[in-house]
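# Fold and contact review
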Amino acid sequence: MGDYFDNFINRQVKTGQYSFAIEVIRVALRMFEHEEAKKAELINKLSKG
């Protein structure tokens, strides 16, 4: 993933909020999925007029 994201994930785990790197990745993917759904909904509303 590269040093930047490896370091970010490790920092998140070190806070104690997450036990494993995969938990950080899952949260990030859920947030990304949510943002993409919001964007799609907005585009859909705008295209309908």
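Residues numbered from 1 in each chain as written. Predicted model: local features only at pLDDT ≥ 70, side-chain atom pairs only at ≥ 80, totals over all residues. Heavy atoms only, no water.

With that out of the way, let us pick up the layout of surface pockets. Space inside the largest pocket adds up to approximately 270 Å³. Taken together, 14 residues make up the lining of the largest pocket; nearest its centre are F8, I9, V24, I25 and A28. When residues of the lining of the largest pocket are traced back to their parent elements, those giving at least two are α1 (3–14) and α2 (21–47). It is α2 that provides the largest number of residues to the lining of the largest pocket, a total of six residues. Taken together, the residues that form the lining of the largest pocket break down as 12 nonpolar, two polar and no charged. (1 Å grid on protein atoms, 1.4 Å probe; cavity = no way out; pocket = protein on both sides within 12 Å on 5 of 7 lines; lining within 4 Å. Points joined across faces, edges and corners; volume = space filled by probe spheres on them. Helix = DSSP H or I, 4+ residues; strand = E, 2+ residues; numbered from the N terminus. Nonpolar A, V, L, I, M, F, W, Y, C, P; charged D, E, K, R; others polar.)

Turning to the packing of aromatic side chains, a few remarks are in order. Using the criterion set out here, one finds one aromatic pair in the structure. Aromatic side chains Y4 and F5 sit 5.0 Å apart centroid to centroid with 80 degrees between the ring planes, which places their arrangement in the edge-to-face category. For F5, a relative accessible area of 45% corresponds to the partly exposed category. (Phe/Tyr/Trp six-rings, centres within 6.5 Å; stacked < 30°, edge-to-face > 60°. Buried < 20%, exposed > 50% of the residue type's maximum accessible area, 1.4 Å probe, protein only.)

This brings us to α1. Between its first and last C-alpha, α1 extends 16 Å over 12 residues, near the 16 Å set by a 1.5 Å rise per residue. In the segment just after α1, G16 is the residue with positive phi, at about 90 degrees. (Expected span 1.5 Å × (residues − 1).)

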